[in-house]
Amino acid sequence: MSFEGYYGEESGDIGIGALRTGFEVDNLLGFIGKINTENLEFRVSRYNGNIKLDIDEIRQLENVLDSLNFTKSASSVKTKGRAHADQFGVIYDNLDYFFRGEWVRIKTDLGIVPIIQSYYLTAGVNHAPFTYHLTFADSDVETRSAENEIPLGINSDLDQLAYGYNRIFDESTPDSIKSWTVGVRWDVLPNLALKAEFSTLEGDDVKDSFFVTPDDSDFDKKTNLYPIGLDWVF
């Protein structure tokens, strides 16, 4: 058995639907536990942190909603809150064949940030100097529901406020994609490996399905990927 702990902070860019924004995470706490028995390994981890998004327009909208006592609506567009990530994995490898699987779920307290859940399963065989593998993967993004308390038809200012509020959630659409991958690795030399894969990707019938798709496109959310790679250790 082994245990690891992490503490730190992180910053960078994140995509939320069609929106790209900067973010900061502080008080990032992480825990990883592993259990190994012969050729089998189980891994579980949990991460927590305080997240802040750098979106001035939404922060201003939150303040306006709060000042008008639309507290539920204001809370649903807040840009500060807690973030959580959970992971579970299992590995079996006896050198002749192997199996791996992993599940990850990421969720925040922010209503404008979707919930992300993904997993994959991999199986393969080693027949030196070749390794063959097959992988299935699935990723889903679940958007949150709006909490619109703004009455319509009273005056134009409230109507415009409601339009701006609804637009935030309308632009955040769910994503879902599944993929199958078959691959082979050839260890040409002890320090040189050639890899080739074929992947077929199929998105669900939602707006993007992790693809960047123009609005007027008739793309059916299905495509193939043919990567090749060369690993050289020196």
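Here, the structure is the one placed above.
Predicted, not measured: the structure shown is a model, and the values here were computed from it. (Residues numbered from 1 in each chain as written. Predicted model: local features only at pLDDT ≥ 70, side-chain atom pairs only at ≥ 80, totals over all residues. Heavy atoms only, no water.)

Student: Could you clarify how one ought to interpret the environment of S11 in this entry?
Tutor: Along the chain, S11 falls in strand β1 (residues 2–16). Between the alpha carbons of S11 and L158 there is a distance of 35 Å; along the sequence they are 147 residues apart. If we ignore the near neighbours within four places in the chain, the residues touching S11 are F23 and E24. (Helix = DSSP H or I, 4+ residues; strand = E, 2+ residues; numbered from the N terminus. Contact = heavy atoms within 4.5 Å.)

Student: What is the right way to look at the pattern of salt bridges in this model?
Tutor: As a working rule, side chains carrying opposite charge can pair if their charged atoms are close by. Following the criterion strictly, the structure yields 6 salt bridges and no others. The partner of E24 in a salt bridge is K52, and the shortest N-O contact between them spans 3.9 Å. Here E24, found in strand β2 (residues 19–37), pairs with K52, found in strand β3 (residues 40–53); they are 28 residues apart in sequence, far enough to count as distant. Judged by relative accessible area, which is 34%, K52 ranks as partly exposed. Where D187 meets R185, a salt bridge forms, and the shortest distance between an N and an O atom there is 3.1 Å. (Salt bridge = Lys/Arg side-chain N within 4 Å of Asp/Glu carboxyl O. Buried < 20%, exposed > 50% of the residue type's maximum accessible area, 1.4 Å probe, protein only.)

Student: In this structure, what is going on with the nonpolar core? I would like to understand it.
Tutor: In globular proteins that are soluble, nonpolar side chains generally tend to be buried together. Formed by 22 residues in total, the largest nonpolar core has its most connected members in L53, L65, V77, I112, I150 and I168. Mapped onto this core, the elements with two or more residues apiece are β2, β3, α1 (56–67) and α3 (156–170). With 6 residues, the single largest contributor to this core is α3. Residues contacting V77, with those up to four places away along its chain left out, are I58, E62, L65, I112, Y165, I168 and F169. (Core = buried A, V, L, I, M, F, W, Y, C linked by side-chain atoms within 4.5 Å.)

Student: So what exactly am I meant to see when it comes to the pairing of strand β6 (residues 115–127) here?
Tutor: Each regular strand displays side chains that alternate between the two surfaces of the sheet. Pairing geometry for strand β5 (residues 97–108) and β6, over 10 bridges, is antiparallel. What sits directly across from G101, in β6, is L121. Connecting the antiparallel pair β5 and β6 is a turn made up of 6 residues. As paired elements, β6 and strand β7 (residues 130–142) share 13 bridges and run antiparallel to each other. Each residue of the ladder has a partner; that of T122, found in β7, is T135. (Pairing = 2+ DSSP bridges.)

Student: Is there a simple way to explain α1 in this structure?
Tutor: Along an α-helix, residues three or four positions apart point the same way, because every turn accommodates 3.6 residues. Compared with an ideal rise of 1.5 Å per residue, which puts 12 residues at 16 Å, α1 spans 17 Å between its outermost C-alpha atoms and is within 8% of the ideal. The set of residues buried in α1 consists of I58, L61 and L65. All buried residues of α1 project into a common sector of 55° when viewed along the axis, lining one side. Across from the buried face of α1, at angles greater than 90 degrees, the exposed residues are Q60 and S67. (Expected span 1.5 Å × (residues − 1). Arc of directions from axis to C-beta.)

Student: Explain α3 to me, please; I cannot follow it from the model alone.
Tutor: Helix length check: α3 (15 residues) gives 20 Å between terminal C-alpha atoms against 21 Å at 1.5 Å per residue, within 8%. Listed as buried for α3 are L158, L161, A162, Y165, I168 and F169. Buried residues of α3 fall within an arc of 120° about the axis and therefore sit on the same side. Summarising the geometry of α3, the exposed residues directed more than 90 degrees from the buried face are S156, Q160, Y163 and D170. Near the N-terminus of α3, the side chain that reaches the backbone nitrogen of D157, with its oxygen 3.1 Å away, is that of N155. (Polar contact = N/O pair within 3.5 Å; in protein donor to acceptor, adjacent residues only side chain to side chain.)

Student: Any chance you could explain the packing of aromatic side chains here in plain terms?
Tutor: Here a ring pair, both rings aromatic, is described through the centre-centre distance and the interplanar angle of the planes. Evaluation of the coordinates by the stated rule reveals 9 aromatic pairs. Taking the centre distance of 4.9 Å and the plane angle of 50° together, the rings of F136 and W180 count as tilted. Remark: W180 occurs in strand β8 (residues 175–189) and F136 occurs in strand β7; sequence separation between them is 44 residues. Classification of F136 as buried rests on a relative accessible area of 16%. Look at W180 and you get partly exposed, because its relative accessible area is 46%. Measuring from centroid to centroid gives 4.9 Å for W232 and F234, while their planes differ by 40°, and the two rings are tilted. Of the two residues, W232 and F234, neither departs from the other in class, the shared state being exposed. (Phe/Tyr/Trp six-rings, centres within 6.5 Å; stacked < 30°, edge-to-face > 60°.)

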